[in-house]
There are 4 protein chains.
Amino acid sequence: METDKKELSVAAKRRLKEKQQRYNIILSSALKHFCEKGYNKTTIQDIAQSSEIAVGTVYFYFKNKEDIMIQLIHDIGRILRRALGEEFRKKSGSIEGFLNAGRIFFYEVCQKYPDHILILMRESVGQTPDIEKARQELFNKLIKDIMNALIKIKDHHKIQYKSKMSIEVIATIVVGLFEKISYHFLINNGTHIKQIGEDVLDFIYGGVKNLIIGKLNDN
Amino acid sequence: METDKKELSVAAKRRLKEKQQRYNIILSSALKHFCEKGYNKTTIQDIAQSSEIAVGTVYFYFKNKEDIMIQLIHDIGRILRRALGEEFRKKSGSIEGFLNAGRIFFYEVCQKYPDHILILMRESVGQTPDIEKARQELFNKLIKDIMNALIKIKDHHKIQYKSKMSIEVIATIVVGLFEKISYHFLINNGTHIKQIGEDVLDFIYGGVKNLIIGKLNDN
Amino acid sequence: METDKKELSVAAKRRLKEKQQRYNIILSSALKHFCEKGYNKTTIQDIAQSSEIAVGTVYFYFKNKEDIMIQLIHDIGRILRRALGEEFRKKSGSIEGFLNAGRIFFYEVCQKYPDHILILMRESVGQTPDIEKARQELFNKLIKDIMNALIKIKDHHKIQYKSKMSIEVIATIVVGLFEKISYHFLINNGTHIKQIGEDVLDFIYGGVKNLIIGKLNDN
Amino acid sequence: METDKKELSVAAKRRLKEKQQRYNIILSSALKHFCEKGYNKTTIQDIAQSSEIAVGTVYFYFKNKEDIMIQLIHDIGRILRRALGEEFRKKSGSIEGFLNAGRIFFYEVCQKYPDHILILMRESVGQTPDIEKARQELFNKLIKDIMNALIKIKDHHKIQYKSKMSIEVIATIVVGLFEKISYHFLINNGTHIKQIGEDVLDFIYGGVKNLIIGKLNDN
DNA sequence: TATGAATGAGAGTTCATTCAT
DNA sequence: CATGAATGAACTCTCATTCAT
């Protein structure tokens, strides 16, 4: 009896695991196709076929095609924010931590998840209102994360920002800057990354310095 | 005979003018629809209807739907590069001219052509390979324009850039930065524009200063 | 052993009762959904969900979706024929009993089972051949019930009908008449029911009188 | 020149006529299929195929499948109301004209347009809200037409109706009665029509007589 | 040049039914 | 008995493009 129960439980666990796996397989199939052919040219058939399931099964796991893209954006958001959040926390309040987060994005996230970045920067743009909303929400969250980091920098380094908009401006600039840079250099060609990265960080450092009153003495 | 010819010539002129007008009407109808509904959701019938012509006529003026978007991107490119080019030429080589160009983009182009900017930044993204190509070419030209301006600054101010990539990095950053900033602040809401604009220019100025060796003494 | 058997028997009874309950829950869920959304727009998943069972379980109790509708029609038939049969029997052969049956349909069945009536009059119409068959069979039975009542009236009141078709015509008319009346007045709005009911019965009475030879003295 | 113009005009007329013909072909194809297989089992492909046009062309003439059914109902309405209206007008106000209209429906409309009647009575029932609306509207118009005829009878014969609802009740009954009768006898079998028709009219005559105060002296 | 009816491949989505657990 | 994930055929509808007039 006990073994029976255990076996059942094991079977249930396995089924649950399989379900989660299927979900992930569909998502990564979609990611691959969206990158290769674009969102519009990718059909549900394509996704089903390379996931080795029936078309209808896709609709068991996702509400519709749009929903797949939105979940993908959420995934990317989780990856990005976790990576940046960790780095912000390491040297909380210091400008170094801030620049390190940029380094992480540039050297690690973009290298490890180029497809995800491509989805976020290109394939999810201008599709449907709901996808646009998900994209915007993610960017707004990123901007807020960066604004929080900038506020901590203010307190830690005992500085002031030039205007009440400066924090939002810096955060927005940094996000746009990384968006373009990652797209321009990583997607088109992957050379001189080290040098580019350092230049970008120098640019940001210079930009931030020029929008504060006070000095960023490193501790 | 002569009078006939003259009459024909007048008629021909009128026809030519009408032809040009139709072309422009189609383009501006398309612009409007692409902004409101996006490229994919806009149909040729939509464009024909609001241009008050037949569907078939659209195909006399444009090869296909894709071609309309591409011509639109070319238009936007002409507007943007003319505005920036003029400004670069005014104070050629000086950092002020460089920053002024940014000011012009921010205060004039974005205000005057918000729909065009939206097309370039969002609706033309991730559609077809040829559209993507046109978009990329425009951005590359803008980046090159800026790189040229930066080279002139180098000569004029007698400075050096930190690395051989710096010029390209700065140009790319500036384009991406304006892309995000214009989208984030101008499209979403139009408040505090003056303050934001100055912060952005300060940021750029700081960023550039941090990527050069030498001083930007205003001659 | 015996106790075991008894326990089993109790359990079996309970299971049997539960089974019957499930069957009824499914039927009433289907009834509700068919009325609200129509037969075609109602899915098995809808029915399963509001019955709080799994989709597969529905197929244990019913052969298929069609079967659910057919059982529903049988149910409605049972309700209707029981109510009318009782009334016919009470004053067997008298025209009063005949009119009373109409009264019962109008004042009691329609009030108590508006959803069932809606199913019979609208939602079961024009769906599948088998459903149509079940519907027709029910109506034919009703017509036959009424024809039998009319025959008894003939014998009891010692009258003749004008033609050999008259009985069938009256029966058919009465069914169609109630169908439309119930739909028009009870489903759309429930006002003036008393007055309408009396008018309807007067109409039927006048109609019947005009199709017989002899007098309907209430002896 | 003139001949040219005339030829163009002729061509234009022909094209317009062809367009109207296509519209009618689609409508009659749909009518046929809806009767044979029912609304749900009929596909747009079916209709397109037997109209010898492409699927897309159907959507040039009709908004969607629902729209085809609704236009069909409108057609039926026009046929019915024209036939009845003519008859009502012939002997306006007399009970004979009223009964004659019934005769026309029974002996002519049902014989000439059995498929249309089947659509109205069965295939259009319980499909979509908009179809149901069109159906209801038609029946309501018919009921109103009959009510108007009954009012004229009141004035002409100088009679009163038993209650304020009587007119609406009679009209509703008559519509429902013909609905069922036509369906029961014409669709199932077409025998004894003459006898049935007379019985039905006698029934109606008796019913009406029993809901009025005064005498229906034939002028 | 201009027209607009016609095309038809192809898309997303639904859902009754099955069956291994 | 009950479950619910999986199926896949079938449907409606779209729309860029063509071409006879």
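Here we summarise the structure given alongside this text.

1. A look at the relation of the copies chain A and chain B
Working step 1: Aligned on chain B, chain A shows an RMSD of 0.2 Å; the corresponding rotation is 180° and the shift along the axis is 0.0 Å. Expressed as an axis order, the relation between the two copies is that of a two-fold axis.
Working step 2: Of the residues that chain A buries at the interface, 100% are likewise interface residues in chain B, meaning the two copies contact each other through the same surface.

2. What to know about the nonpolar core
Working step 1: Judged by nonpolar contacts, the single largest core of 118 residues is most densely connected at I170, I173 and V174 of chain C together with I170, I173 and V174 of chain D.
Working step 2: The greatest single-element share of this core, amounting to 12 residues, is contributed by helix 8 (residues 166-187) of chain D.
Working step 3: Ignoring any residue separated from it by four or fewer positions in sequence, one finds I173 of chain C in contact with G207 of chain C together with L177, K180, I181, V200 and F203 of chain D.
Working step 4: Judged by nonpolar contacts, the second largest core, of 116 residues, contains C110 and I153 of chain A together with I117 and L142 of chain B.

3. Here's the deal with the protein's contact with DNA strand F
Working step 1: Residues in contact with DNA strand F amount to 34 residues; listed here are only the nearest, G56 of chain A, N64 of chain B, A54 and G56 of chain C together with N64 of chain D.
Working step 2: Elements with a contribution of two residues or more to the surface near DNA strand F: helix 1 (2-37) and helix 3 (55-61) of chain A, helix 3 (55-61) of chain B, helix 1 (2-37) and helix 3 (55-61) of chain C together with helix 2 (44-51) and helix 3 (55-61) of chain D.
Working step 3: Looking at side-chain class alone, the surface near DNA strand F contains 15 nonpolar, 11 polar and eight charged residues.

4. Thoughts on the packing of helix 5 (residues 95-112) of chain D against helix 9 (residues 193-209) of chain D
Residues and elements named next belong to chain D.
Working step 1: Two elements in contact, helix 5 and helix 9, have axes whose closest approach is 10 Å; the angle formed by their N-to-C orientations is 150°. Viewed along their axes, helix 5 and helix 9 adopt a mutual orientation that is roughly antiparallel. The chirality of how helix 5 crosses helix 9 is right-handed. Of the residues in helix 9, those in contact with L99, G102, R103, F106 and Y107 of helix 5 are G197, V200, L201, I204 and Y205.
Working step 2: Its residues assigned to classes, the contact of helix 5 with helix 9 shows seven nonpolar, two polar and one charged.

5. Observations concerning unusual backbone geometry
Working step 1: A positive phi is found at K158 of chain A, a non-glycine position, where the angle reads about 50°.
Working step 2: Residue position: K158 of chain A is located in the loop between helix 7 (129-157) and strand 1 (160-161).
Working step 3: Despite not being glycine, E52 of chain C shows a phi value in the positive range, around 55°.
Working step 4: For E52 of chain C, the position within the fold is in the loop between helix 2 (44-51) and helix 3.
Working step 5: Taking the C-beta count within 10 Å as the criterion, E52 of chain C has 10 such neighbours and is therefore assigned exposed.

6. Side note on the interface of chain A and chain B
Working step 1: Taken residue by residue, the interface counts 36 residues in chain A and 36 residues in chain B.
Working step 2: Of all elements in the fold, only helix 6 (114-123), helix 8 (166-187) and helix 9 (193-209) of chain A reach the threshold of two or more residues within the side of chain A that touches chain B.
Working step 3: Counting residues per element, the side of chain A that touches chain B draws most heavily on helix 8 of chain A, which supplies 12 residues.
Working step 4: For the side of chain A that touches chain B, the per-class residue count stands at 15 nonpolar, 13 polar and eight charged.

Thresholds applied
Residues numbered from 1 in each chain as written. Chains lettered and ligands numbered in written order. Predicted model: local features only at pLDDT ≥ 70, side-chain atom pairs only at ≥ 80, totals over all residues. Least-squares fit on C-alpha atoms with pLDDT ≥ 70 in both. Contact = placed C-beta atoms within 7 Å. Core = buried A, V, L, I, M, F, W, Y, C linked by C-beta atoms within 7 Å. Buried ≥ 20, exposed ≤ 12 C-beta atoms within 10 Å, placed from the backbone. Helix = DSSP H or I, 4+ residues; strand = E, 2+ residues; numbered from the N terminus. Near = placed C-beta within 6 Å. Nonpolar A, V, L, I, M, F, W, Y, C, P; charged D, E, K, R; others polar. Axes fitted to C-alpha atoms, helices over the stretch in contact; angles between N-to-C directions. Parallel < 35°, antiparallel > 145°, perpendicular 65-115°, else oblique. Left-handed = near helix turned anticlockwise from the far one by under 90°.

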